[in-house]
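Results of the structural survey
The lines below spell out each chain.
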Amino acid sequence: MIGIEETKRVRINMGPQHPATHGVGRFILTLNGEIIEDVKPICGYLHRGLEKLAENMTYQQFMPIVDRLDYVASMNNDLAYCLAIEKLLGMEVPERAEYIRILIAELGRIASHLIWLGTMALDIGAMTPYFYTFRDRETIYDMFEEICGARLMYNYVRMGGVSNDITPKFMEMLKHFLDTFPKLMKESDGLLTKNRIWMSRTKDVGVINYDDAISWGLSGPCLRGSGVNWDLRKNRPYGIYPSLDFDIPYLPEGDVYARYLVRLEEINQSVRILRQCVEKIPSGGDYMNPESPFVRPMKKPKEGIALKDFVLQIRGVKAPAGEVYFGAENPKGELGFYIVSDGAGKPYRMKIRTPSFVHVFALPVIVKGGLIADIVSVISSLDFVFGEVDR
Amino acid sequence: MIKEHILFADLIKGLSITIKKLFGPSVTLHYPIQRRELPERMRFLHKLDLTPEGKIKCIACGICERICPPKCIKMTRGTREDGKKGLTEYEIDIGRCIFCGLCVEVCPEEAISMTNIYELATYNKADTVYTMDRLVRDVPEEKKAEVR
């Protein structure tokens, strides 16, 4: 007979086809009653070998593949990759392109956070915010469609600028969005932030303290939810972020509710950045550095097309030998590209440091000793995407 | 905080938001009946462009074939019917294509472009391979639904 004190440990597979794991993640839970004793995350169900693929592709060819990392914030992935290549090649970007890049990166951040908010509410049991956030996200995707012609896999940013200039219609849509969005955001905020069920499901749940958050390598809103004031846009600035005025929200609690509030405030800060960019963006000028070797042949004057343009497109732009690391602040955290070049048109080795991979493997520290009902809200609050975990 | 709990202020606030939405306008489209207006830059089914004289612009340089990341473009060069050397066959496997638009960007002759025909589902897998006769056509606006 099993007494009350000596309960039997149960192992449960959560996933790989579980709606709350945000992709094809699998977690092996060891349960003692309702208490979680151990979590073992297992990745590899969406492995596509992107790092190996990169070694056999030119820098330009790998651009559309980068979109497939974090498929809810493709614009930010593109930007991070391009900034890494530009750092390797020492390339300049025109001023207008810099502003366009910030515009799309912040819109991408809002879109990613909206998906997170909707799915987190859905996971915890509130279905209504899901529809509201997806409605707002749709307007952002319409804007992206207008400038680059795709809804999810943009392939828009280029080494040395962006692939197409933004249209007047895009600016109109953006201004309309900035006028209406803060009001619409209050709907989701009003439904959740003060709601008693929401608060009891998120407050003091899934706590990770300041030291653990740093030593487990968390980044982005998850790190700032633990009280660390660290944002690559401020601490290792890139682009024109230093000239813009915005705050980095951070809260010391380290629980799910803190991460929720940090992300909500980040949406507001992104709107603030967008407003400044709309005012400051130069009305004319190049959207692509004309001296960039990545300029497509048909953009050059007809007489200028030579055999070397064909060779450049097929063999790739020869980067100087050396290695470079660049980390950009993505919606999920720090997305870094470590590129080793041996002087050929293709990278010798490319390591992609993705925030989601780190967050998934910090999960055992956060949920150990918690209740099984809380693991869903913790998973949602860490906001990982399995396209990024498995690469 | 405690006052809010007793008065159910948080729940009333949430309910008032959802009830307001009940009488608002609809944000969705009834898809097959209603269709969205698509922007010009939409990247969907490819099209091989023609010169004003009605000849294929493509010079069979093969740059699109080489840059295509999923390798879905196949082209054959040879002697054409009019005796000149050039493009004889061209096919795109839409089932493999990721619609990145790199083939359009690198083309030195602007011979390939992308249309906004997005209903590409078929019953046969063989139909996903678009050969030259299906790619070389200037699709009129009203016939876009037919090209599947």
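In the block above lies the structure referred to throughout.
None of the values given here were measured: they were computed from a predicted structure. Along every chain, residues carry numbers that run from 1 in the direction the sequence is written. Both sets of labels track the order of writing: A upward for chains, 1 upward for ligands. pLDDT decides what is reported in this predicted model: residues at 70 or higher carry local features, side-chain atom pairs at 80 or more are listed and counted, and totals for whole chains, interfaces and linings draw on all residues regardless.

What about helix H6 (residues 168-192) of chain A?
- For H6(A), which comprises 25 residues, the first-to-last C-alpha distance of 36 Å matches the rise-based estimate of 36 Å (1.5 Å per residue) to within 8%.
- Partly exposed residues are those whose C-beta has more than 12 but fewer than 20 other C-beta atoms within 10 Å; 20 or more makes a residue buried and 12 or fewer makes it exposed, with C-beta atoms placed from the backbone. Helix numbers and strand numbers start at the N terminus; a helix is a DSSP run of H or I with at least 4 residues, a strand a run of E with at least 2. Considered for burial, the residues of H6(A) that qualify are A:Phe170, A:Leu174, A:Phe177, A:Phe181, A:Met185, A:Glu187, A:Ser188, A:Leu191 and A:Leu192.
- By definition, residues are in contact whenever their C-beta atoms, placed on the basis of the backbone, come within 7 Å of each other. The secondary structure elements touched by the buried residues of H6(A) are helix H4 (95-124), helix H5 (128-148), helix H7 (196-202) and helix H11 (256-280) of chain A together with helix H2 (9-22) of chain B. By this rule the span expected of a helix is its residue count minus one, scaled by 1.5 Å.

Some words on the sheet that holds strand S2 (residues 73-79) of chain B
Residues and elements named next belong to chain B.
- Sheet architecture is open: three strands sit in the order S2-S3-S5, paired in antiparallel fashion. The open sheet terminates on both sides in strands that have one partner only, identified here as S2 and strand S5 (129-130).
- Direction of pairing for strand S3 (residues 85-93) relative to S5: antiparallel, over a ladder of two bridges. Counted as the bridge partner of Ile92 is Tyr130 from S5. When DSSP finds at least two bridges between two strands, those strands are taken to pair.

A look at the interface of chain A and chain B
- Contacts between the two partners involve 28 residues from chain A and, on the opposite side, 26 residues from chain B.
- Looking at the side of chain A that touches chain B, the elements that each hand over two or more residues are helix H2 (63-66), H5, H6 and helix H12 (307-315) of chain A.
- Residue contributions to the side of chain A that touches chain B peak at five residues, all from H5(A).
- Polarity classes work like this: nonpolar for Ala, Val, Leu, Ile, Met, Phe, Trp, Tyr, Cys and Pro, charged for Asp, Glu, Lys and Arg, and polar for all others, with Gly in that last group. Residues of the side of chain A that touches chain B, tallied by class, amount to twelve nonpolar, nine polar and seven charged.

Some thoughts on the sheet that holds strand S7 (residues 334-341) of chain A
Residue and element names in this part refer to chain A.
- Strand order in the open sheet formed by three strands is S6-S7-S8, and the pairing between neighbours is antiparallel. The sheet terminates laterally at strand S6 (322-329) and strand S8 (349-353), the two strands that pair on one side only. Adjacent strand axes in the sheet meet at a mean angle of 10 degrees when their direction is disregarded.
- The pairing of S7 with S8 spans five bridges and is antiparallel. Its bridge partner being in S8, Val340 is matched across the sheet by Arg349.
- To obtain an axis, a line is fitted to C-alpha atoms, over the contacting stretch when the element is a helix, and the angle between two such axes runs from 0 to 180 degrees between their N-to-C directions. Here helix H3 (residues 74-89) sits on the sheet in contact with S6 and S7, set at roughly 150 degrees to S6.

Observations concerning the packing of helix H13 (residues 355-367) of chain A against helix H14 (residues 375-382) of chain A
All names here are of chain A.
- For the pair H13 and H14, the least separation of the axes is 11 Å and the interaxial angle reads 140 degrees. For the crossing formed where H13 meets H14, the hand is right-handed. Touching His359, Leu363, Ile366 and Val367 of H13 are Ile375, Val378 and Leu382, all from H14.
- By residue class, the composition of the contact of H13 with H14 is six nonpolar, one polar and no charged. Helix crossings get a hand from a simple test, with the near helix turned counterclockwise from the far one by less than a right angle marking a left-handed crossing and a clockwise turn marking a right-handed one.

So, unusual backbone geometry
- Backbone geometry places A:Asp204, a non-glycine residue, at a positive phi of 60 degrees.
- Structurally, A:Asp204 is set in the loop between H7 and helix H8 (210-215).
- On the basis of neighbour counts, which here come to 13 C-beta atoms within 10 Å, the residue A:Asp204 falls in the partly exposed class.
- Notably, B:Ala60 is not glycine yet its phi reads approximately 55 degrees, a positive angle.
- Here B:Ala60 lies in the loop between strand S1 (46-48) and helix H3 (63-67).
- Judged by local crowding, B:Ala60 falls into the partly exposed class, with 19 C-beta atoms found within 10 Å.

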